[in-house]
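# Architecture and fold: a report
Now for the letters of each chain:
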Amino acid sequence: MKKRTKIFLAILVVMLVAIGVATGIYANDYYRAVGVDEYITSSDGVTVSPIDEGYFFDGPSEDSALIFYPGAKVEETAYASIMKSLAEQGVDCFLIKMPMKLAFLGMNKADNIRAKYDYDNYYFAGHSLGGAMAANYAAAHLNDYAGLFLLAAYPTKDLTAAPFPVVFIYGDNDKVLNREKLKEGFTLVPADDKKVEIAGGNHAQFGSYGAQEGDGAAAITPEEQWQITIDTILQEIKK
């Protein structure tokens, strides 16, 4: 083997190792769920099952289900408390696990859920980047969903023709959410959209993963923020 070829192969191996290490570091750099064991454990009212797409929270509902996309670089089980509570109250939930914890890499995962499970009414929701991807997906599937809930999130595609309600839920102490983009998002949805600003809420407390870099300090507990979110979703679904 020529010397030049050996050098080239050595450089290639070093580059591949470096890429592998960098990918591994990036893949493990995310916000981990905290204190969620009770929410990902089955109870008398809800069976919680790992599925290929993430987790299925199977409660008493036979006709309504919600698909949820998590925020960027957040472990999906961080949202299990909201999912389990909704399932207990009549809305089965599918909590989606995203590749590399990034919803834009798995934006079409909702297709798999709807292909495998039969519900009369599907609702869509997501937090932060997950909400943005849920909104953009819904924009291309206007006739497939009965409602869209955006937690600290906004659409970037036109949803003004949506036949379903769009609900924005965000905290007034959220310092991660881009307020200008949020205002722009308000113009991309039907005029009868609903906006719920949670007094004392912040960005991270829609899940259970600790403090998020750049976020504001919450003036309410995570449980209070979860409950307002749950009540808002249920009020819209059970109209």
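Please refer to the structure placed before this passage.
Residues numbered from 1 in each chain as written. Predicted model: local features only at pLDDT ≥ 70, side-chain atom pairs only at ≥ 80, totals over all residues. Heavy atoms only, no water.

## Remarks on a negative patch on the surface
Cut-off, in case you're wondering: Residues enter patches when their relative accessible area tops 30% and they take part in no salt bridge; the joining distance is 9 Å for like charges and 5 Å for the nonpolar side chains Val, Leu, Ile, Met, Phe, Trp and Tyr. In short, Shrake-Rupley with a 1.4 Å probe defines the accessible areas, and a residue's cover is counted only from the protein chains shown. Any carboxyl oxygen of Asp or Glu that lies within 4 Å of a side-chain nitrogen of Lys or Arg is treated as forming a salt bridge with it. Just so you know, the count uses Lys and Arg for positive and Asp and Glu for negative, and it drops His and the chain ends. Charged side chains are reduced to one point each, which is NZ for Lys, CZ for Arg, CG for Asp and CD for Glu. Think of it this way: any DSSP run of H or I at least four residues long counts as a helix, any run of E at least two long counts as a strand, and we number them from the N terminus. When a residue's accessible area, from a 1.4 Å probe over protein chains only, is under 20% of the maximum for its type it is buried; when over 50% it is exposed; and in between it is partly exposed.
On the surface, E62, D63, D118 and D120 cluster together into a negatively charged patch. You can see D118 is positioned in the loop between α3 (109-116) and β5 (121-127). D118 gets classed as exposed once you look at its relative accessible area, which sits at 71%.

## Digging into the environment of L66
To keep it simple, the criterion reads: We call two residues contacting when some pair of their heavy atoms lies within 4.5 Å.
Here L66 lies in strand β3 (residues 64-69). Through-space distance from the C-alpha of L66 to that of D92 is 6.2 Å; in sequence the pair is 26 residues apart. Each residue touching L66, except ones within four places of it in the same chain, is listed here: M83, V91, D92, C93, F94, Y123, A125, F149 and I233.

## Regarding the sheet that holds strand β2 (residues 54-58)
Within a sheet, neighbouring strands are paired by backbone hydrogen bonds and run either parallel or antiparallel to one another. Using the following cut-off: Paired strands, as defined in this entry, are two strands with at least two bridges between them according to DSSP. Simply put, an axis is a line fit to the C-alpha atoms, just over the touching stretch for a helix, and the angle between two N-to-C directions goes from 0 to 180 degrees.
Judged by pairing direction, the sheet is mixed, and its 8 strands sit side by side in the order β1-β2-β4-β3-β5-β6-β7-β8 without closing on themselves. Unpaired on one side and paired on the other, β1 (47-51) and β8 (194-198) mark the two borders of the sheet. Direction aside, the axes of adjacent strands within the sheet are offset by 15° on average. Examined bridge by bridge, strand β6 (residues 147-151) and strand β7 (residues 166-171) share 4 bridges and lie parallel to one another. Across the sheet, F149 pairs through a bridge with V167, a residue of β7. Helix α5 (residues 179-186) contacts β7 and β8 of the sheet and is inclined by roughly 165° relative to β7.

## Thoughts on the pattern of salt bridges
For side chains of opposite charge, pairing can occur when their charged atoms come near one another. Evaluated as defined, the whole model comprises 5 salt bridges. Linked through salt bridges whose partners overlap, the residues forming this network are D52, E53 and K116.

## Considerations on the packing of helix α2 (residues 80-88) against helix α6 (residues 222-237)
As a reminder, the rule being used: Angle categories are assigned with fixed cut-offs, so that under 35 degrees is roughly parallel, over 145 is roughly antiparallel, 65 to 115 is roughly perpendicular, and the rest are oblique. The crossing is said to be left-handed when, going from far helix to near helix, the turn is anticlockwise and less than a right angle, and right-handed when the turn is clockwise.
Where α2 meets α6, the closest approach of the two axes is 10 Å, and the angle between their N-to-C directions is 40°. It follows from the interaxial angle that α2 and α6 lie oblique. The element α2 and its partner α6 pack so that their crossing is right-handed. Every residue of α6 that contacts α2 at S81, I82, S85 and L86 is listed here: W226, T229, I230, I233 and L234.

## As for helix α4 (residues 129-139)
Across the 11 residues that make up α4, a large majority, 10, are buried. Taken together, the buried positions of α4 are G130, G131, A132, M133, A134, A135, N136, Y137, A138 and A139. Its buried side turned inward, α4 meets β3, α3, β5 and β6.

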